[in-house]
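Each chain, written out:
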Amino acid sequence: SQRHERAVFLVNNIDKILTVFREGDVRISWMKVMQELMEKQIHNYVDSLLLSKFGMLMTKFGGSGSSGLNSDEKNKNISSATSVSDKELQRIASEFSKTYKSTIKQFDAIVIKSFQNAALAITVAKRLFKVLLMTYPRFHTAVKTRFDKSRDRPSWLRNVLGTGAVMVEVKRYHRLV
């Protein structure tokens, strides 16, 4: 999407500028501002990429995205999961289990191709997978909590992926996470 391309363009160019200054041992007052701008664009890129493939999961359980979550946000997010309908939970589970393997592989390829600096590409990929690995367990916990004591457990619960399966797949495609 255009948002992805814009973020990649800005991150790559800011990284080049900062690299030139660092290599030349040049200290400029606005370097910190440029670094913060680059971090913000990485955050935007990660969030938009995850939203493009796992929209409902990220919208309902994603929290504050790539900047991470503190414990208050985590608790708020899990309690707000009670507002997610059973049908939405089923849809998220179904869509995720069908696409997670190919999407994780695709994410890795997209990120590695998008960023010119290999170290930066690995950093962005790590951040992307970290957000996914923080978000999916919140969904999984919400599902387990919702149907924990229910005698009439819906049949679709058998197809809900465990968080370990997602971790294994991430490690398979991204060796450095």
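As shown above, the structure is provided for reference.
This write-up is about the structure you can find in this document. (Residues numbered from 1 in each chain as written. Predicted model: local features only at pLDDT ≥ 70, side-chain atom pairs only at ≥ 80, totals over all residues. Heavy atoms only, no water.)

**Some remarks on the overall build of the protein**
- In terms of regular secondary structure, the protein is built from seven helices and zero strands.
- Shown N-terminal to C-terminal, the secondary structure of the protein runs as helices and strands in the order α-α-α-α-α-α-α.
- Expressed as a percentage of the 177 residues in the protein, the buried residues total 41%.
- For the protein, restricting intrachain contacts to residue pairs at least 6 apart in sequence, the fraction spanning at least 24 positions comes to 73%.
- A total accessible area of about 10200 Å² is found for the protein, and carbon and sulfur atoms account for 53% of it. (Helix = DSSP H or I, 4+ residues; strand = E, 2+ residues; numbered from the N terminus. Buried < 20%, exposed > 50% of the residue type's maximum accessible area, 1.4 Å probe, protein only. Contact = heavy atoms within 4.5 Å. Areas by Shrake-Rupley, 256 points an atom, 1.4 Å probe, with all protein chains shown as cover.)

**Looking at the nonpolar core**
- Ranked by size, the top nonpolar core spans 49 residues in total, and within it Leu-50, Phe-54, Leu-57, Phe-96, Phe-115 and Phe-139 carry the most contacts.
- Elements with a minimum of two residues in this core: helix 1 (2–23), helix 2 (31–53), helix 3 (55–61), helix 5 (86–114), helix 6 (118–146) and helix 7 (163–173).
- Among the elements that take part in this core, helix 6 stands out by supplying twelve residues, more than any other.
- If we skip the residues at most four places from it in the chain, Leu-57 touches Gly-62, Ile-92, Phe-96, Leu-132, Thr-135, Tyr-136 and Phe-139. (Core = buried A, V, L, I, M, F, W, Y, C linked by side-chain atoms within 4.5 Å.)

**Structural notes on the environment of Ala-142**
- Along the chain, Ala-142 falls in helix 6.
- Expressed as a C-alpha distance, the spacing of Ala-142 and Val-84, which sit 58 residues apart in the sequence, is 9.2 Å.

**Comments concerning the packing of helix 5 against helix 6**
- Look at helix 5 against helix 6: their axes get within 12 Å of each other, and the N-to-C directions meet at 165 degrees. Taken together, the axes of helix 5 and helix 6 are roughly antiparallel relative to one another. The crossing of helix 5 and helix 6 is left-handed. Judged by residue contacts, Asp-86, Leu-89, Ile-92, Ala-93, Phe-96, Ile-104, Phe-107, Asp-108, Val-111 and Ile-112 of helix 5 engage Ala-121, Val-124, Ala-125, Leu-128, Phe-129, Leu-132, Tyr-136, Phe-139, Val-143 and Arg-146 from helix 6. (Axes fitted to C-alpha atoms, helices over the stretch in contact; angles between N-to-C directions. Parallel < 35°, antiparallel > 145°, perpendicular 65-115°, else oblique. Left-handed = near helix turned anticlockwise from the far one by under 90°.)

**Structural notes on the packing of aromatic side chains**
- Counted according to the given criterion, the structure contains nine aromatic pairs.
- Pairing Phe-96 with Tyr-136 gives two aromatic rings, centres 4.5 Å apart and planes at 20 degrees, and the pair type is stacked. Placement of the pair is Phe-96 in helix 5 and Tyr-136 in helix 6, with a sequence separation of 40 residues.
- Its relative accessible area of 2% is what places Phe-96 among the buried residues.
- On the basis of relative accessibility, which here comes to 2%, the residue Tyr-136 falls in the buried class.
- Aromatic pair Tyr-136 and Phe-139: ring centres 5.5 Å apart, planes at 50 degrees, arrangement tilted. Here Tyr-136 pairs with Phe-139, and both are found in helix 6, just three residues apart, close to one helical turn.
- Judged by relative accessible area, which is 0%, Phe-139 ranks as buried.
- Feature note: the residues Phe-54, Phe-61, Phe-96, Tyr-100, Phe-107, Tyr-136 and Phe-139 constitute an aromatic cluster, connected by ring pairs. (Phe/Tyr/Trp six-rings, centres within 6.5 Å; stacked < 30°, edge-to-face > 60°.)

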